Amino acid sequence: MLGVLRSVAAVVIAAAATAAGAEADLKPWKGKATPPLARMDLDGKRVDLKGLRGRVVIVNFWATWCDPCRDEMPSLQRLKAKLAGRALEVLAVNYGEFPEKITQFVRKENITLPVLLDTQKDAARDWKVGGLPMTFVVDAKGRVRYWVFGERDWSEGDSLKVVEKLLAEVPRARH
């Protein structure tokens, strides 16, 4: 009997470990219009999503105290580097923290993405962020097309394919 219980426990633990390692599913957006997003970044510059039309924008809500957020951040940095020169922007919207704490984290981790401040969590409320990390993929016309709750590797696999598909929809500049 004890051997059976050990076997069952091993299967349960293996299943939990597999589930924990699985990426969250990227889902098509079924919400209404794209919420506004205009915030100050860590450098005191105002960033407005409306001003980024013509670019695919990844909007990632995160916090320094969130382990999956911290684990996901380097993949967002790699995505930006991998697609450098393309019509892509990655905005890391910090959930409720103050600049001093965020600045320590981004310096330590060599994160160079624009970090927008949402100290009062107004943007998170407008975007209906129900947990962290939560990420939205906005097309070049300014429409949210996909969203995901949970950590993903944005620099490869399905995530990269979705971003490249949206980049392919961006009209080429006429000369």
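Here we summarise the structure given alongside this text. All figures in this text were calculated on a predicted structure; none of them were measured in a lab.

## Re the overall build of the chain
- Along the chain, the regular secondary structure elements total five helices and eight strands.
- Tracing the chain from N to C terminus, the helices and strands come up as α-β-β-β-β-α-β-α-β-α-β-β-α.
- For the chain, buried positions account for 43% of its 175 residues.
- Counted over contacts in the chain with a minimum sequence separation of 6, partners at least 24 positions apart contribute 70%.
- Summed over its atoms, the accessible surface of the chain is roughly 10,200 Å², and 55% of this surface lies on carbon and sulfur atoms.

## Topic: the pattern of salt bridges
- In total, this model carries 11 salt bridges according to the counting rule given.
- Between Glu23 and Arg152 there is a salt bridge, with the nearest N and O atoms lying 3.5 Å from each other. Taken together, the residues span a long stretch of sequence, with Glu23 in the loop between α1 (2–21) and β1 (27–28) and Arg152 in the loop between β8 (144–149) and α5 (157–168) at a distance of 129 residues.
- Assessed through its relative accessible area of 6%, Arg152 is described here as buried.
- A salt bridge links Arg70 to Asp67; its shortest N-O distance comes to 2.3 Å. Placement of the pair is Arg70 and Asp67 together in helix α2 (residues 67–82), with a separation of three residues, close to one helical turn.
- Among the residues examined, Asp67 registers a relative accessible area of 44% and is labelled partly exposed.

## Examining helix α3 (residues 99–109)
- Within α3, the full set of buried residues consists of Ile102, Thr103, Phe105 and Val106. Seen end-on, α3 carries its buried residues on one side only, within an arc spanning 165°. Exposed side of α3, more than 90 degrees from the buried face: Glu100, Gln104, Arg107 and Lys108 are the residues found there.
- In the core, the buried residues of α3 are packed alongside β4 (56–62), α2, β5 (88–95) and β6 (115–118).
- Backbone geometry just downstream of α3 places Asn110 in the positive-phi region, at approximately 55°.

## Topic: the pairing of β5
- In terms of burial, β5 is a largely internal element, seven of the eight residues being buried.
- Remark: the β4/α2/β5 crossover connection has right-handed handedness.
- With four bridges connecting them, β5 and β6 associate as parallel partners. Among the inter-strand pairings, Asn94 is bridged to a residue of β6, identified as Leu117.
- Tracing the backbone out of β5, into α3 and back to the parallel element β6 gives a crossover that is right-handed.

## Side note on the sheet that holds β8
- Ordered by their spatial adjacency, six strands build an open sheet running β1-β8-β7-β4-β5-β6, and the pairing between neighbours is mixed. Lying at the two open borders of the sheet, with one neighbouring strand each, are β1 and β6.
- Of the strands in this sheet, β4, β5 and β7 (134–138) touch α2, which is tilted by about 165° from β4.
- The strands that α5 touches are β4, β5, β7 and β8; relative to β8, the one it contacts most, it runs at about 165°.

Cut-offs applied
Residues numbered from 1 in each chain as written. Predicted model: local features only at pLDDT ≥ 70, side-chain atom pairs only at ≥ 80, totals over all residues. Heavy atoms only, no water. Helix = DSSP H or I, 4+ residues; strand = E, 2+ residues; numbered from the N terminus. Buried < 20%, exposed > 50% of the residue type's maximum accessible area, 1.4 Å probe, protein only. Contact = heavy atoms within 4.5 Å. Areas by Shrake-Rupley, 256 points an atom, 1.4 Å probe, with all protein chains shown as cover. Salt bridge = Lys/Arg side-chain N within 4 Å of Asp/Glu carboxyl O. Arc of directions from axis to C-beta. Right-handed = clockwise from strand over helix to strand, strands pointing away. Pairing = 2+ DSSP bridges. Axes fitted to C-alpha atoms, helices over the stretch in contact; angles between N-to-C directions.

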